[in-house]
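The chain contents come next:
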Amino acid sequence: MENFTPVASTIGGVLIGLAAAMLFLFNGKILGISNITAELLNPRWHGKAWRLTFVAGLLAGGLLLQLIYPQALSVSSPRSLALLAIAGLLVGYGSTLGRGCTSGHGICGISRLSVRSLAATGIFMATGIVTVYLTNHVFGGGA
Amino acid sequence: MGLLMVFLSGVLFALGLGIAGMTQPTKIIAFLDIFGDWDPSLILVMAGAVGINLVLYRFTLRREKPILEDLFTTPSKRPINARLAIGAGLFGIGWGLSGYCPGPALVSTVTGWGSVLTFVAAMLLGMLLFQWLQTEEPRPVDAAQGSGQAESSCG
């Protein structure tokens, strides 16, 4: 547990929660990244303006992190490029089919006391744990 | 004004992810590695985010409408079905394989680093594949329950 970062992770979590709460209070929108991204890919224009603006904010936040706290943005991965490509497909397809990811189900859904989101979060945590167990301890790291 | 708040929410969300350690895939993998050198930090990220939202969500819903718009767009009630279980299951496998979920991956594209760009390109392709292959999930009968609420999905 030597990499445990209780203070930074709690502060970061509160900021994440505030971002979601503010989007709901001011704009009435649920902060769910997979929904925001997937809706930007469909051909209808409807509902794109706020989603594009949100993604622009995410990227601006990323650039700000690069300036003030560059070590936050990893440029090394324990996994091979091929594995990352497969993972990306599963994350994209799975979060669209399940209508939510870590932000929409894991944070917003649970905060709204949605049993559906609680179930989704339990399931993706479970398959994530099994996947890491198999990759790290059975198949030797996936590099 | 409305879009400015959306933009600021995006900036704050990205900063929160970075400070929390969510943009470091090794940290996410270490959180999921409960049989190895476990890093429980993500529990505190969730606790912080859900804790503050649990309170503020309730506070916000006492209003008739959001401050800058006319409607709250909350997800419609749907059953816990096979789509949800399979979707969440596949998502978790991809999350465990890479250590990336969609938000941190998008934020990390500013580094221009090939691995994260590969992940994001594949993720967008996965979303497009779903849209090309899908048969629309039937809308629930009670989709329009509640006043002033429109339909959307969670995340």
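**Some words on the overall build of chain B**
Within chain B, the secondary structure is distributed over six helices and two strands. Going residue by residue from the N terminus, the α and β elements of chain B occur as α-α-α-β-α-α-α-β. Scored against the burial criterion, the 155 residues of chain B give a buried share of 50%. Nonlocal contacts in chain B, meaning residues at least 24 apart in sequence, comprise 57% of its contacts between residues at least 6 apart.

**Observations regarding the packing of helix 1 (residues 6–27) of chain A against helix 1 (residues 2–20) of chain B**
Running from amino to carboxyl end, helix 1 of chain A crosses helix 1 of chain B at an angle of 165°, the nearest separation of the two axes being 7 Å. Judged on the interaxial angle alone, helix 1 of chain B and helix 1 of chain A are roughly antiparallel. Where helix 1 of chain A crosses over helix 1 of chain B, the two elements pack in a sense that is left-handed. Of the residues that constitute the contact of helix 1 of chain A with helix 1 of chain B, the class distribution is 17 nonpolar, seven polar and no charged.

**Some remarks on the packing of helix 1 of chain A against helix 3 (residues 41–61) of chain B**
The angle between the axes and the distance between the axes are what describe a pair of packed helices. Relative to each other, helix 1 of chain A and helix 3 of chain B sit at 30°, their axes nearing to 7 Å. Comparing their axes, helix 3 of chain B and helix 1 of chain A come out roughly parallel. For the pair helix 1 of chain A and helix 3 of chain B, the sense of crossing is right-handed. Looking at side-chain class alone, the contact of helix 1 of chain A with helix 3 of chain B contains 17 nonpolar, ten polar and no charged residues.

**Some thoughts on the interface of chain A and chain B**
Each partner contributes to the interface: chain A provides 111 residues, whereas chain B provides 106 residues. Mapped onto the side of chain A that touches chain B, the elements with two or more residues apiece are helix 1, helix 2 (33–41), helix 3 (48–68), helix 4 (81–97), helix 5 (102–111) and helix 6 (115–138) of chain A. For the side of chain A that touches chain B, the element with the highest residue contribution is helix 1 of chain A, accounting for 21 residues. For the side of chain A that touches chain B, the residue count by class is 63 nonpolar, 43 polar and five charged.

**Brief notes about unusual backbone geometry**
All names here are of chain A. Positive phi, normally seen in glycine, also occurs at Arg99, with a value near 55°. Tracing the backbone shows Arg99 in the loop between helix 4 and helix 5. Non-glycine residue Leu113 carries a positive phi angle of around 60°.

**Considering helix 6 of chain A**
End to end, helix 6 of chain A covers 33 Å across 24 residues, agreeing with the expected 34 Å (1.5 Å per residue, within 8%). Looking one or two residues past helix 6 of chain A, A:Gly140 carries a phi angle of roughly 75°, positive in sign.

**Some words on the nonpolar core**
Side chains of a nonpolar character, in soluble globular proteins, are inclined to be buried together. Of all hydrophobic cores here, the largest spans 81 residues; its most connected members are A:Ile16, A:Ala19, A:Ala20 and B:Phe119. In terms of residue count, helix 1 of chain A provides more of this core than any other element does, twelve residues in total. For A:Ile16, the residues in contact, after removing those within four places along its chain, are A:Ile107, B:Phe13, B:Gly16, B:Leu17, B:Ala20, B:Val45 and B:Ala49.

**A short note on helix 5 of chain A**
Burial analysis of helix 5 of chain A places nine of its ten residues in the buried class, the great majority of the element. Restricting attention to buried positions, one finds in helix 5 of chain A the residues A:Thr102, A:Ser103, A:Gly104, A:His105, A:Gly106, A:Ile107, A:Cys108, A:Gly109 and A:Ser111. Its buried side turned inward, helix 5 of chain A meets helix 1, helix 2 and helix 6 of chain A together with helix 3 and helix 5 (102–108) of chain B. The first or second residue beyond helix 5 of chain A is A:Leu113, which carries a positive phi of 60°.

**A closer look at the confidence of the model for chain B**
All names here are of chain B. In the predicted model, chain B carries a mean pLDDT of 89, and 86% of its residues have values of at least 70. Per-element confidence in chain B ranges from a low mean pLDDT of 46 for strand 2 (residues 149–150) to a high of 98 for helix 5. Residue range residues 142–151 is modelled with pLDDT below 50. Its contacts to residues more than four positions away, or to other chains, number 14 contacts. For this predicted complex, the interface confidence comes out at an ipTM of 0.96, alongside a pTM of 0.92.

**Digging into the environment of A:Thr127**
Examined against the element boundaries, A:Thr127 turns out to sit in helix 6. Those residues within four positions of A:Thr127 in sequence are excluded, and the remaining contacts are B:Gly89, B:Gly92, B:Ile93 and B:Gly96.

Thresholds applied
Residues numbered from 1 in each chain as written. Chains lettered and ligands numbered in written order. Predicted model: local features only at pLDDT ≥ 70, side-chain atom pairs only at ≥ 80, totals over all residues. Helix = DSSP H or I, 4+ residues; strand = E, 2+ residues; numbered from the N terminus. Buried ≥ 20, exposed ≤ 12 C-beta atoms within 10 Å, placed from the backbone. Contact = placed C-beta atoms within 7 Å. Axes fitted to C-alpha atoms, helices over the stretch in contact; angles between N-to-C directions. Parallel < 35°, antiparallel > 145°, perpendicular 65-115°, else oblique. Left-handed = near helix turned anticlockwise from the far one by under 90°. Nonpolar A, V, L, I, M, F, W, Y, C, P; charged D, E, K, R; others polar. Expected span 1.5 Å × (residues − 1). Core = buried A, V, L, I, M, F, W, Y, C linked by C-beta atoms within 7 Å. pLDDT = per-residue confidence, 0-100.

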